[in-house]
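Understanding the architecture of this molecule
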Amino acid sequence: MDFVEVYQHYFNYFWDYSWTRLFNLKPTNNVYWVILWCVVCIGLEYFLPKKMNYDSFKRKGFWLDIFYVIFYDILFVGLGILAFTYTIEHYFKTFMGSMGVEDMVLFNLDAIPLFWSILILFVLQDFFEWVAHYAMHRFDFLWAFHKIHHAPEEISFASSRHFHVMEIFVFKSFLYLPFAVLGYSSQMYTYVVVTIFIFDAFFTHCNIKTNFGFFNYIINNPETHFWHHSKNLPSKYGVNFASVLNIWDYLFGTYYLPTDKKPILGIDDSKYVPNSFVGQQLYPFKFLLFGNGETTKKGKVKHKKKKSKNKKKTS
Ligand SMILES: [Zn+2]
Ligand SMILES: [Zn+2]
């Protein structure tokens with residue numbers, strides 16, 4: 001099969017999968033998990049005291065973030081992007097086969113209890129996400145894309161899906177490869193990521209007051225993650241990179257939770273990042289080519305005005 005045929009094959013598969021799964025109620029269907037997690041977080045934000053003094057549902061960018069949720073968790077699979085990833089994986093396996101490596105799986109996971117294989121997957125995935133996330137803050141090229149997640153100056157649960165499409169290739173596609181080699185099926189991997197990591201991502205962006213006490217050192221929560229979104233920090237590259245386990249930040253010296261001040265959300269470049277989905281997806285490329293000045297000379301004044309209006313609202 002040539003490249004177009006392989007791509008067409010996977011595109012048709014994901015097209016069917018994404019539309020039939022909408023009406024297929026079963027625990028492995030991630031659409032229903034995402035809807036459930038959204039409902040839980042809407043409830044938390046509605047009933048619990050707010051962390052920041054803006055309305056989580058009327059805040060700037062709320063509906064754009066809802067679009068991001070629908071785009072990544074429902075439409076994305078049907079848009080052919082995963083088909084592209086699978087096509088690459090197909091050629092990778094073909095290449096490895098031609099080198100004489102037919103079976104890349106290292107372990108037979110059926111030999112250990114399910115609980116342990118899920119626990120190992122969870123801890124490894126969380127660590128890999130910490131490393132990938134740290135890299136996104138540490139390297140300028142990656143930061144140009146990750147900035148999209150940090151630009152909003154008001155966040156709530158749906159902000160967890162507000163990120164650049166390139167992050168899918170770093171966080172999602174490549175992070176699965178080591179698990180494939182370890183013997184994990186893509187179904188088990190997806191199930192654990194959707195049930196634990198996506199819920200945690202929604203939860204840590206909820207605009208709610210939490211008091212985890214000692215458990216702040218262990219579990220990521222809005223208290224620690226809002227500091228990750230803050231710009232009044234002691235470190236240039238950021239703090240609190242954890243997805244679920246804050247232990248990694250504690251171990252590597254990037255844990256930060258002051259009690260004597262409040263986070264100020266956003267980044268210095270927030271005013272340059274466009275407000276539209278397409279604008280946000282194009283921004284990193286423009287930024288890498290031209291920087292902020294030349295690309296948004298007109299929009300600069302407009303964004304500055306918006307920022308000062310926003311400052312009044314949050315102060
Ligand atoms: Zn980040
Ligand atoms: Zn975040």
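Everything discussed here concerns the structure shown above.
This one's a predicted model, so the numbers in the text were calculated from it and none came from an experiment.

What to know about the overall build of the protein chain
Tallying secondary structure elements over the protein chain gives 12 helices and 0 strands in all. Along its sequence from the N terminus, the protein chain presents helices and strands in the succession α-α-α-α-α-α-α-α-α-α-α-α. Looking at the protein chain residue by residue over its 315 residues, the buried ones come to 46%. The long-range share in the protein chain, meaning contacts at least 24 apart out of those at least 6 apart in sequence, stands at 75%. Surface summary for the protein chain: the accessible area is close to 16,900 Å², and the carbon and sulfur share equals 69%.

Here we look at the coordination of the zinc ion (ligand 2)
Protein coordination at the zinc ion (ligand 2) comes from His-149 (NE2), His-205 (NE2), His-225 (NE2) and His-229 (NE2), with a distance range of 2.1 Å. Considering all 4 donor atoms around the zinc ion (ligand 2), angles at the metal cover 91 to 161° and the coordination shape is irregular. Written as a sequence motif, the donor arrangement for the zinc ion (ligand 2) is H-x55-H-x19-H-x3-H. Taken as an interatomic distance, the gap from the zinc ion (ligand 2) to the zinc ion (ligand 1) is 5.8 Å. Pair noted here: His-149 is in helix 6 (residues 140-150) and His-205 is in the loop between helix 8 (186-204) and helix 9 (222-228), with a separation of 56 residues, a long-range link. The pair His-149 / His-205 is uniform in exposure class, with both members buried.

Cut-offs applied
Residues numbered from 1 in each chain as written. Chains lettered and ligands numbered in written order. Predicted model: local features only at pLDDT ≥ 70, side-chain atom pairs only at ≥ 80, totals over all residues. Heavy atoms only, no water. Helix = DSSP H or I, 4+ residues; strand = E, 2+ residues; numbered from the N terminus. Buried < 20%, exposed > 50% of the residue type's maximum accessible area, 1.4 Å probe, protein only. Contact = heavy atoms within 4.5 Å. Areas by Shrake-Rupley, 256 points an atom, 1.4 Å probe, with all protein chains shown as cover. Donors = N, O, S within 2.8 Å, 3.2 Å for Na, K, Ca; no water. Tetrahedral: all angles 85-135°; square planar, octahedral: opposite > 155°, others 65-115°.

Read these as layout, nothing more, since geometry by itself doesn't imply function.
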